[in-house]
Structures are given as C-alpha cells and as structure tokens.
Amino acid sequence: MNDKHDLLQYEEKLTEILVRQCTSKGWLDGHLLEIGELDEKWAEIAPEYMADAVPEFNQYPAAAIAWAAYVGMGIGSIWDGAWDEYKNKTDLYQLFRVSRGFDAMDEYVVEELLGVDSDSKENKSIKELWLGCAHTAMTIIRKEKIEPQTAQAFYLFASTTKIFFRLGIAVELRLLGYKYEKTKVEIPKI
C-alpha cells in the first residue's frame, strides 16, 4: 500500500467483498445504495469516530470497525425520518455516543434509533452481520501486510470504517424498503 491508488483499489476490493457477503446473508441485493449527502456526513463524523475507535482497535478490533456500520444504520434511519431536523448538525456523531458511550453505541443505535428490542432475533442477526463483516475486513487488512501503528495502517483502518459506514446506511435503507433500481434515461438529441 504505497499510494492513494493502492488505497482506492483496497476500498473497491473490500467494498465488493462485503457487499457480496451482505447479499449472501440477505441484507443487500448486490448493490451499495449511494446517497451523496450521507457520504458527506462521514467526512464530518469520521474525525470524532476515529478518535474513539483507534484506541479500541488493539483490544477490540472487530468492534472498532463494526461500530461504524451501526453509525451508518443510525444515519440511514434519521435520513428516512427526521433528516430536516438533523442534516445541518455538525455534531451529529454525539447523538450516537453521548447516551451510552462508544462501547455501547451499537446497543443505542439498535434499540433507540432502529426500535429493535435488545433480546430480539433481529438484533442478534444485525450483530452477527457486522461482526462477521468486521472479521472479513480484518482478514483483508492482514493480507495487506501493513506494519501496525504506521500512517499506512491508520489510512487502511480509516478507509475500512468509511466502507462500514456506507454499508450500514445501505443495509438500513434496504430494511426501510429502499432498493436499487437501474434506470435508463433517454437524453433527447439536440
């Protein structure tokens, strides 16, 4: 991983693998829904998320990665329901972590934002999905053979969490009934 091009290739490869994994489990339909304004929110959220996640990575790497998907699910839920109220907030990440802290952010998102009972089969399935995806990502990260605690390792981790954020959005929007539809737009000849 020597340059930006390598990082982009890594992102494309990991995204493809994880979309396939989510699709095989029935959470996605082979596509990653993309919503520009939500991707832009990651740019605002990422510094605070990384400040919380990086110290956790050595002891709890799967959680440090997977929690970004929970943030994505929460953002997807807000986008569907109350986006006008939240879209201009610059401290949106605090909504996810203030109530229960970083360690229990997954529980807060599932219970409070998604309205899923903590003891439910659905909650267990969501947890299995994200931890399974996180373990897949950790395998891919290891295959990159990047020296731990270097700038390259940080960029790899940052890229991975961004992918998980986007996956979380896509999964939540699919649960809410959104779907990817390819359309053909005829452009009139002038």
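Residues numbered from 1 in each chain as written. Predicted model: local features only at pLDDT ≥ 70, side-chain atom pairs only at ≥ 80, totals over all residues. Heavy atoms only, no water.

Colleague: Whenever I open this one, helix H1 (residues 4-24) confuses me. Can you help?
Modeller: In an α-helix there are 3.6 residues to a turn, and that puts residues three or four apart on one side. Taking 1.5 Å as the rise per residue, H1 with 21 residues should run 30 Å; its terminal C-alpha atoms sit 30 Å apart, in good agreement. Where H1 is buried, its residues meet helix H7 (121-143) and helix H8 (151-175). Directly after H1, the chain includes Gly 26, whose backbone phi takes a positive value near 85°. (Helix = DSSP H or I, 4+ residues; strand = E, 2+ residues; numbered from the N terminus. Expected span 1.5 Å × (residues − 1). Contact = heavy atoms within 4.5 Å.)

Colleague: I'm lost on H7 in this one. Help?
Modeller: Between its first and last C-alpha, H7 extends 33 Å over 23 residues, near the 33 Å set by a 1.5 Å rise per residue. Among the residues of H7, those classed as buried are Asn 123, Ile 126, Leu 129, Trp 130, Cys 133, Ala 134, Thr 136, Ala 137, Met 138, Ile 140 and Ile 141. Looking at the packing, one finds that the buried side of H7 touches H1, helix H3 (61-81), helix H6 (105-113) and H8. Looking one or two places after H7, you find Lys 145, whose phi comes out positive at around 55°. (Buried < 20%, exposed > 50% of the residue type's maximum accessible area, 1.4 Å probe, protein only.)

Colleague: How do you make sense of empty space enclosed by the protein when you look at a structure like this?
Modeller: Scanning all chains against the criterion turns up two cavities of 30 Å³ or more. Its boundaries defined by the atoms lining it, the largest cavity holds a volume of some 40 Å³. Contributing to the lining of the largest cavity are Leu 33, Glu 34, Ile 35, Leu 38, Asp 39, Arg 166 and Ile 169. Counting residues per element, the ones that place at least two in the lining of the largest cavity are helix H2 (36-57) and H8. Of the residues that constitute the lining of the largest cavity, the class distribution is four nonpolar, no polar and three charged. (1 Å grid on protein atoms, 1.4 Å probe; cavity = no way out; pocket = protein on both sides within 12 Å on 5 of 7 lines; lining within 4 Å. Points joined across faces, edges and corners; volume = space filled by probe spheres on them. Nonpolar A, V, L, I, M, F, W, Y, C, P; charged D, E, K, R; others polar.)

Colleague: Whenever I open this one, the pattern of salt bridges confuses me. Can you help?
Modeller: When charged atoms on two side chains of opposite charge get close, those side chains can pair. Going through the model one piece at a time under the given rule, you end up with 11 salt bridges. Notably, a salt bridge pairs Arg 166 with Asp 39, separated by 3.3 Å at the nearest N-O pair. Note that Arg 166 is positioned in helix H8 and Asp 39 in helix H2, a separation of 127 residues in sequence. Given a relative accessible area of 17%, Arg 166 falls into the buried group. (Salt bridge = Lys/Arg side-chain N within 4 Å of Asp/Glu carboxyl O.)

Colleague: Looking at this structure, I do not really get the packing of aromatic side chains. What am I missing?
Modeller: The description of an aromatic ring pair uses the distance of the two centres, along with the angle that the planes make with each other. Here the structure, examined in full by the defined rule, presents nine aromatic pairs. Between Trp 67 and Tyr 70, the aromatic rings sit 5.5 Å apart at their centres with planes inclined by 80°, giving edge-to-face as the arrangement. Remark: Tyr 70 and Trp 67 occur in helix H3; sequence separation between them is three residues, near one turn of the helix. Neither residue differs from the other here; Trp 67 and Tyr 70 are each classed as buried. (Phe/Tyr/Trp six-rings, centres within 6.5 Å; stacked < 30°, edge-to-face > 60°.)

Colleague: Can you help me understand the environment of Cys 22 in this one?
Modeller: As for its placement among the helices and strands, Cys 22 is situated in helix H1. Sequence separation between Cys 22 and Glu 48 is 26 residues; the distance between their C-alpha atoms is 27 Å. Setting aside anything within four residues of it in sequence, one finds Cys 22 in contact with Trp 27, Leu 28, Leu 129, Trp 130, Cys 133 and Leu 167.

Colleague: Would you mind showing me how to read a nonpolar patch on the surface here?
Modeller: There is a patch of nonpolar side chains on the surface, built from Val 54, Phe 154 and Tyr 155 and spanning about 280 Å² of accessible area. As for its position among the elements, Phe 154 is in helix H8. (Patch = residues over 30% accessible without salt bridge, like charges linked within 9 Å, V, L, I, M, F, W, Y side chains within 5 Å. Areas by Shrake-Rupley, 256 points an atom, 1.4 Å probe, with all protein chains shown as cover.)

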